[in-house]
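Residue-level structure breakdown
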Amino acid sequence: MNEFLPWKVLHLELSDGIPLLPATPNYQGLYVVFWWRGIPLAHQEILADQLPMPATQLRNIILQKIAPALGDRLLEQGFKAALPDVSQNPNQNQLSNLQDLIALERPLKQLEERFSQPASSSVSVIICTRDRPDQLVKCLFALQNLSTPPQEIIVVDNAPSSDATRQLVAEMPAVRYVLEPKPGLSVARNTGIHHSTGEIIAFTDDDAEVHPDWIARLQQGFSDPKVMAVTGLVLPAELETEAQFIFEKNNSFSQGYRALTFDSKFFETMKPFGVPVWRIGAGANMALRKKAFELVGDFDERLGAGASGCSEDSELWYRLLAEGWVCRYEPAAVVYHCHRRDLAGLKHQMFQYMRGHVAALLVQFDRYKHWGNLYRLYVILPNYYGKLFLLAVLKASFPKLKQVLGEITGCISGIIFYLQNRSSIKPLKNDI
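Reference entry: report on the structure contained in this document. Model, not experiment: these values are computed from the prediction. (Residues numbered from 1 in each chain as written. Predicted model: local features only at pLDDT ≥ 70, side-chain atom pairs only at ≥ 80, totals over all residues. Heavy atoms only, no water.)

1. A short note on the layout of surface pockets
The calculated volume of the second largest pocket comes to roughly 460 Å³. Along its surface, the second largest pocket is lined by 22 residues, and R73, Q220, S223, R328 and E330 are the ones closest to its centre. Contributions of two or more residues to the lining of the second largest pocket are made by α1 (55-74), α7 (214-220) and β12 (326-337). The residue inventory of the lining of the second largest pocket, partitioned by class, reads 8 nonpolar, 6 polar and 8 charged. (1 Å grid on protein atoms, 1.4 Å probe; cavity = no way out; pocket = protein on both sides within 12 Å on 5 of 7 lines; lining within 4 Å. Points joined across faces, edges and corners; volume = space filled by probe spheres on them. Helix = DSSP H or I, 4+ residues; strand = E, 2+ residues; numbered from the N terminus. Nonpolar A, V, L, I, M, F, W, Y, C, P; charged D, E, K, R; others polar.)

2. Points about the packing of aromatic side chains
Under the criterion given, the structure shown has 12 aromatic pairs. When the centroid spacing of 5.4 Å and the interplanar angle of 5° are considered together, the rings of W7 and F245 count as stacked. One end of the pair, W7, is in strand β1 (residues 7-13); the other, F245, is in helix α8 (residues 242-251), and 238 residues separate them in sequence. By relative accessible area, which is 2% here, W7 ends up buried. (Phe/Tyr/Trp six-rings, centres within 6.5 Å; stacked < 30°, edge-to-face > 60°. Buried < 20%, exposed > 50% of the residue type's maximum accessible area, 1.4 Å probe, protein only.)

3. Here we look at the packing of helix α11 (residues 312-322) against helix α12 (residues 343-368)
At a minimum axis distance of 10 Å, the contact between α11 and α12 shows a crossing angle of 30°. It follows that α11 is roughly parallel to α12 by the angle criterion. The crossing of α11 and α12 is right-handed. Across the interface between the two elements, S314, E315, Y318, R319 and A322 of α11 pack against V363, Q364, R367 and Y368 of α12. Of the residues assigned to the contact of α11 with α12, the class counts are 4 nonpolar, 2 polar and 3 charged. (Axes fitted to C-alpha atoms, helices over the stretch in contact; angles between N-to-C directions. Parallel < 35°, antiparallel > 145°, perpendicular 65-115°, else oblique. Left-handed = near helix turned anticlockwise from the far one by under 90°. Contact = heavy atoms within 4.5 Å.)

4. A closer look at the nonpolar core
Ranked by size, the top nonpolar core spans 71 residues in total, and within it F34, F203, F262, L288 and L320 carry the most contacts. Those residues in contact with F262, other than ones at most four positions away along the chain, are L83, P84, R279, I280, L321, W325, V326, C327 and Y329. Counting 35 residues, the second largest nonpolar core, distinct from the first, contains I215, F247, A282 and M350. (Core = buried A, V, L, I, M, F, W, Y, C linked by side-chain atoms within 4.5 Å.)

5. Considerations on the pairing of strand β11 (residues 285-289)
β11 sits mainly inside the fold: 5 of its 5 residues count as buried. Taking every second residue as pointing to the same face, both faces of β11 are buried, with N285, A287 and R289 on one and M286 and L288 on the other. Note that strand β7 (residues 200-205) and β11 share 5 bridges and pair antiparallel. When the bridges of β11 are listed, F203 appears paired with M286. Two elements, strand β9 (residues 227-236) and β11, share 3 bridges in a ladder whose sense is antiparallel. Its bridge partner lying in β11, V230 is registered against A287. (Pairing = 2+ DSSP bridges.)

Below, the structure written as structure tokens:
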């Protein structure tokens, strides 16, 4: 088996000019993210054998890659991203009205002006953590450098085994420490919500670092009063290991570089098949109006890390959409996430993801009786994993077979978990 070579993550600010890309010894290639004055527009993988790459060749790649995001922001028609799983051809409108985009005068300058409008909603930032002070300190330092400071930063220390997190936060006067002795991410998030005072509550993970404009871009995402939740772009902080690269290629948190609006039309279209609310974004980069929790209740404490495994975020988005509200994916709001570095950790993560996903499908059906959730669980998922299993057997790919069996086991575990915990929690507000 060939030894895995890492990818070098490179952030290229286009306002500084387009450089020659040098060779990258000991790397498989470059994962290049293209920016314009803090606004992410696209990324491109460039293999080592394509390097060094002259600026003229790179310029052609850049123009092709950033056109969809520019058209999305600057043109009233065309270049809009198709909602995930709704369109049979999500790229069908990428180049529509290309001539209109070319005709625009100084489009990058116009893009910058679009994002210069200030927003004034107060924001509370909540980070839930458990026994990871070395990662948390990087997260907190990034939050100290925000261009728009939040009203407050709250660290919820979830069932810690030591006093290390408390001591760390004590050295940062701008950060408030809250202890939550009961384990579970949803429990910790709910505790943070109840201690918060902002109109908007933003969440990031302790293994993530936020972009300096993170708060400002999240605030701008709430310009429509119907929007109750905003998620953002999650970029890999590094791609140094095989596990990190596999996760980014197959299970990336990113939903692309064009804004997406998930509304009642999306919900009703996908309801017969199980609404793919996981496509809305990631809990590592999300914000909600505090009013949202008054409307549909807090995070379901049966779900999430420390309980079912995950999907506490997407299940809450499901409730918001089911009640007629809107969720928005705003890729200009960026965090950098450090994916799990080892294959064993990735395997456990995928087991937890499928366990939580299945538990959430059953919770959603129990609450709303939307049969599409059961259709996904008992028809779509078995068909999907049946094909993957057969393909792995035919190719004699034992690593892939092991992966598929692990995820199938996670699905079965999710059903068992739900049955064991179906009545173990008080009803949410909209259940009363």
